[in-house]
Amino acid sequence: MVLTELVSATDEYLHSTFASRYVRDPVPRFKMPERSMPKEAAYQMINDELMLDGNPRLNLASFVTTWMEPECDKLIMEAVNKNYVDVDEYPVTTELQNRCVSMIAYLFHAPVGENEMAVGVGTVGSSEAIMLAGLAFKRKWQQKRKAEGKPIDNPNIVTGANVQVCWEKFARYFEVELKEVKLREGYYIMDPEKAVEMVDENTICVAAILGSTLTREFEDVKLLNDLLTKKNEETGWGTPIHVDAASGGFIAPFLYPDLEWDFRLPWVKSINVSGHKYGLVYAGVGWIIWRTKEDLPDELVFRINYLGSDQPTFTLNFSKGSSTIIAQYYQFIRLGFEGYQNIISNCMGKARILREGIEKTGRFNIVSKEVGVPLVAFSLKDSSKHTVFEISESLIRFGWIIPAYTMPADAEHIAVLRAVIREDFSRGLAERLVTHIEQVLKEMDNLPSRVAAKLVQAATTAEDVCSENVTRLKKSVRETQEEVTRYWRRLVDRKKAGVC
Ligand SMILES: Cc1ncc(COP(=O)(O)O)c(C=O)c1O
């Protein structure tokens, strides 16, 4: 009797999680389990699966912040149960948001008068901010066209083909045509002259990027503004500019204060910036700032009062967390202008070290520019045997996540690797990354080339090649690829055994 009791008590409460039945049973995947489980077991199961995710600190694919100070982590955890939208219940959180909007508007030189409030709102990220900006432009354009008795069924936005996917989303979701200025080899940002040529009476705005996602470059917003000023004078269309400063908005004010890209330029009517990129806050915060309240049509702002007060809202979602807004305010007052300047300059320094290390291998062309967002984009000088995609794949085994991709139209034939430098990427890590790239190159040099695949492609398309030849070539490619796979298996197996 005593023994039975002891067994059941042990089973439920005394065994370590790993001695319990929960680690023997299949992980619930598709259907909610019938029975509950102890919190320790639930934690362990999820934690163990998550160990197979990449390490965020080594994820150089992303601009998004992966480290904050413990004091800020504490504030974040303390606010994790606050719904931001309950402004009456959490008036201080709302006040912190307004202070952030004001600080950013000031940083971007918005013409805010003595007793005026800056016009802007916190969002989940730059994508939501861009949706809101786009909607405001669309509505303003519709109002103007209606007043002139003109049709409103064909709005468009002019951008470079290098825009981030959120612009394509906006275009599709909100039925606006995206007119993209094509890129060309060696020039991977929007050409302002071509952009202004593409502007017509249905253009709701031209979107310029401060810190292109692909190569870190800043587009020339000043030139765009000057060209548009001329065109607007000639046509009377009044086409405005939106600046997508997702990453550059927290770089340019600190490193290039004299660069005119923001509300100092009269046709810039709204700017978005990601708080979770160089605003130095974890994922979940962006900002949209309008030049003046006239640039945000009043009819897009909803007023709700069921939570207590008359509350204006202009966001796509209703409920959302408060933590990242609070974290943004923490960073602003903790770091100040001086702190941001130091962190961003350090990032640039680390990007330089990485770039020099990569250049020294003699195998890459550096595609990114010196001025802009701290990242290094680089392409292989010779990809006749191996590609940047193979390098990206091989670096994963050291823990590095470094994406490889092809450029947008008309530079699709250029494939690059891109490493984003964030605050928490140390000089030591930069040096290690270079060593690992060198190692991968050495290993690849000993691998059979994958160039045979290209030969088959050429043979398939060549009109004078008979189908027998194609079959023979295909067979030889298959053999080559099998050989590559066999080689990699051997290499990986030896690594596992600690031989090399
Ligand atoms: C230029 C640009 N715009 C917009 C975005 C989307 O930003 P978010 O991830 O904050 O929605 C990105 C993301 O990398 C970006 O680089």
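Residues numbered from 1 in each chain as written. Predicted model: local features only at pLDDT ≥ 70, side-chain atom pairs only at ≥ 80, totals over all residues.

Some details on the overall build of the protein chain
Note the following rule: Under the DSSP-based scheme used, a helix requires at least four consecutive residues in state H or I and a strand at least two consecutive residues in state E, with every element numbered from the N terminus. Exposure in this text rests on C-beta crowding, where 20 or more other C-beta atoms within 10 Å of a residue's own make it buried, 12 or fewer make it exposed, and counts in between make it partly exposed. The C-beta atoms are placed from the backbone. We call two residues in contact whenever the C-beta atoms placed from their backbones are within 7 Å.
A count of helical and extended segments in the protein chain gives 14 helices and 13 strands. By residue count, 36% of the 500 residues in the protein chain fall in the buried class. Counting contacts in the protein chain only where the partners sit at least 6 residues apart, residues at least 24 apart contribute 69% of the total.

Considering the sheet that holds strand β2 (residues 156-160)
What counts is decided by this rule: One bridge is not enough; two strands pair if DSSP finds at least two bridges between them. Only the contacting stretch of a helix is used when fitting its axis, a line to C-alpha atoms as for every element, and angles between N-to-C directions run 0 to 180 degrees.
The strand order across the open sheet formed by seven strands is β1-β7-β6-β5-β4-β2-β3, and the pairing between neighbours is mixed. Single-partner strands in this sheet number two, and they are β1 (119-123) and β3 (177-181). Each adjacent strand pair in this sheet contributes to an overall mean axis angle of 20 degrees, direction not counted. Bridging between strand β4 (residues 203-209) and strand β5 (residues 241-244) involves four bridges; their strand directions are parallel. Within β5, the position partnered with isoleucine 209 by the bridge is aspartate 244. Against the sheet, helix α4 (residues 91-107) contacts β1, β6 (268-274) and β7 (286-290), and its axis sits at roughly 120 degrees relative to β1. The strands touched by helix α6 (residues 165-173) within the sheet are β2, β3 and β4, with β3 carrying the most contacts at an inclination of about 145 degrees.

Notes on helix α12 (residues 427-445)
Note the following rule: Given a helix with a known number of residues, its expected span is that number minus one, times 1.5 Å.
With 19 residues, α12 should reach 27 Å at 1.5 Å per residue; the first-to-last C-alpha distance of 27 Å fits that figure. On its buried face, α12 is in contact with α10 (323-360) and α11 (388-395).

Digging into the UniProt feature "modified residue: N6-(pyridoxal phosphate)lysine" (unreviewed entry) in the protein chain
As a reminder of what qualifies: UniProt positions are given in the numbering used here, feature names are shortened, and annotations may be inferred rather than shown by experiment.
The positions UniProt marks with the feature "modified residue: N6-(pyridoxal phosphate)lysine" (unreviewed entry) are Lys277. Within the fold, lysine 277 resides in the loop between β6 and β7. Discounting residues that sit within four places of it in the chain, lysine 277 has contacts with Phe63, Val64, Ala246, Ser247 and Phe250.

Here's the deal with the environment of isoleucine 401
Assignment of secondary structure puts isoleucine 401 in the loop between α11 and β12 (404-406). Under the C-beta neighbour-count criterion, isoleucine 401 is labelled partly exposed, with 16 such atoms within 10 Å. Each C-alpha atom, one on isoleucine 401 and one on asparagine 59, is 4.7 Å from the other, the two residues being 342 residues apart in sequence. Those residues in contact with isoleucine 401, other than ones at most four positions away along the chain, are Gly54, Leu58, Asn59, Leu60, Ala61 and Ile396.

What about the site of the ligand?
Operational definition: Only the C-beta atom, placed from the backbone, is used; a residue is near a molecule or strand if that atom lies within 6 Å of it. Under the convention adopted here, Pro, Cys and the residues Ala, Val, Leu, Ile, Met, Phe, Trp and Tyr are nonpolar, Asp, Glu, Lys and Arg are charged, and Gly plus all remaining residues are polar.
Taken together, 13 residues surround the ligand, and among them Gly125, Ser126, Ser127, Gln164 and Ala246 come closest. Among the residues making up the shell around the ligand, the classes are represented as four nonpolar, eight polar and one charged.

Brief notes about the nonpolar core
As a reminder, the rule being used: Residues of type Ala, Val, Leu, Ile, Met, Phe, Trp, Tyr and Cys that are buried and joined through C-beta atoms within 7 Å form what is called a nonpolar core.
Residues Val206, Ile241 and Ile289 are the most contacted members of the largest nonpolar core, which totals 114 residues. With 12 residues, α10 is the largest single contributor of residues to this core. Leaving out residues up to four positions away in the same chain, valine 206 has contacts with Val158, Ala195, Val199, Leu224, Leu228, Thr239 and Ile241.

Remarks on the pairing of β7
The element β7 is largely enclosed, with a buried count of five among its five residues. Burial of the side chains of β7 extends over both faces: Gly286, Ile288 and Trp290 are buried on one face and Trp287 and Ile289 on the other. Two elements, β1 and β7, share five bridges in a ladder whose sense is antiparallel. Following the sheet pairing, glycine 122 is matched in β7 by tryptophan 287. Strand direction decides the pairing type here: β6 and β7, joined by five bridges, are antiparallel. Looking across to β7, one finds that serine 270 is bridged to tryptophan 290.

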